[in-house]
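Chains, contacts and geometry: an overview
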Amino acid sequence: MVHVTKRSVIADENGKKCNAMEIFSIFIKHLADSVIEDAEKKLKQDGDIRDIRLSDIDFFITVPSYWDDTVRMLMIEAAKSVSFHPYKFSKFSPLQIQC
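The paragraphs below set out a description of the structure included in this document. Remember, predicted model here, so these are calculated numbers, not experimental data.

Before going further, it helps to examine a nonpolar patch on the surface. On the surface, a cluster of nonpolar side chains totalling about 250 Å² of accessible area is made up of Phe 27, Leu 31 and Val 35. When you line up the elements, Val 35 lands in helix α1 (residues 20-45).

Following this line, the structure appears as structure tokens:
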């Protein structure tokens, strides 16, 4: 099992290195932006022109059960860094994120 921490560095296939926390944060931000963009497109197709805010959507982020608590906490910190606010965290249930 690979141990990931805040200071872990991950290299891509070309050898470019990036901080694991930064990668998790970018992934979560891209996921949220994509959800909002898709929802706004759908609303506009249906004739609704309102904008959607991050706080309008409840996101549920789950992590594999075999991830240790260090990596789970890293995911929570990454979510917080892009304005997600965890309000429920359990080893046995999904990590629920409130924006």
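It is worth spelling out the environment of Arg 72 at this point. Along the chain, Arg 72 falls in helix α2 (residues 69-81). Separated by 68 residues in sequence, Arg 72 and Val 4 have C-alpha atoms that sit 9.8 Å apart. For Arg 72, the side chain forms a polar contact with the main-chain oxygen of Trp 67, separated by 3.2 Å.

Applying the stated criterion to the full structure yields one aromatic pair. A ring pair is formed by Phe 24 and Trp 67, whose centres lie 6.3 Å apart and whose planes are at 15°; its orientation type is stacked. Highlighted residues: Phe 24 in helix α1 and Trp 67 in the loop between β3 (58-61) and α2, separated in sequence by 43 residues. With a relative accessible area of 16%, Phe 24 lands in the buried category.

With that settled, the discussion passes to α1. Between its first and last C-alpha atoms α1 spans 38 Å; for 26 residues at 1.5 Å apiece the expected length is 38 Å, and the two agree. Looking only at α1, the buried set comprises Ala 20, Met 21, Phe 24, Ser 25, Ile 28, Ala 32, Ile 36, Glu 40 and Leu 43. Close packing links the buried residues of α1 with β1 (9-11), β2 (17-19), β3 and α2. Trailing α1 by a residue or two, Gly 47 shows a phi angle of about 90°, which is positive.

Structurally, the position occupied by Glu 40 is in helix α1. Of the side chains with opposite charge, Lys 44 comes closest to the buried, unpaired Glu 40, at an N-O distance of 4.7 Å. The contact partners of Glu 40, leaving out residues within four places of it in the chain, are Asp 51 and Ile 52.

Take the nonpolar core next. Ranked by size, the top nonpolar core spans 20 residues in total, and within it Phe 24, Ile 28, Met 75 and Phe 84 carry the most contacts. The set of elements that each furnish at least two residues to this core consists of α1, β3 and α2. In terms of residues, this core owes the most to one element, α1, which gives seven residues. With sequence-adjacent residues up to four places away left out, Phe 24 is seen in contact with Val 71, Leu 74, Met 75 and Ala 78.

Another point: the pattern of salt bridges. If you walk through the whole model with that rule in mind, you get four salt bridges. Note that Lys 42 is salt-bridged to Asp 46, the shortest N-O span being 3.4 Å. Under the relative-accessibility criterion, Lys 42 is labelled partly exposed at 47%. Asp 69 is paired through a salt bridge with Arg 72; the nearest N and O atoms lie 4.0 Å apart. Of this pair, Asp 69 and Arg 72 both sit in helix α2, separated by three residues, roughly a single helical turn. Overall, Asp 69 belongs to the partly exposed group, its relative accessible area being 37%.

Each value, and the rule that gives it
- Residues numbered from 1 in each chain as written.
- Predicted model: local features only at pLDDT ≥ 70, side-chain atom pairs only at ≥ 80, totals over all residues.
- Heavy atoms only, no water.
- Patch = residues over 30% accessible without salt bridge, like charges linked within 9 Å, V, L, I, M, F, W, Y side chains within 5 Å.
- Areas by Shrake-Rupley, 256 points an atom, 1.4 Å probe, with all protein chains shown as cover.
- Salt bridge = Lys/Arg side-chain N within 4 Å of Asp/Glu carboxyl O.
- Helix = DSSP H or I, 4+ residues; strand = E, 2+ residues; numbered from the N terminus.
- Polar contact = N/O pair within 3.5 Å; in protein donor to acceptor, adjacent residues only side chain to side chain.
- Phe/Tyr/Trp six-rings, centres within 6.5 Å; stacked < 30°, edge-to-face > 60°.
- Buried < 20%, exposed > 50% of the residue type's maximum accessible area, 1.4 Å probe, protein only.
- Expected span 1.5 Å × (residues − 1).
- Contact = heavy atoms within 4.5 Å.
- Lys, Arg positive; Asp, Glu negative; His and termini not counted.
- Core = buried A, V, L, I, M, F, W, Y, C linked by side-chain atoms within 4.5 Å.

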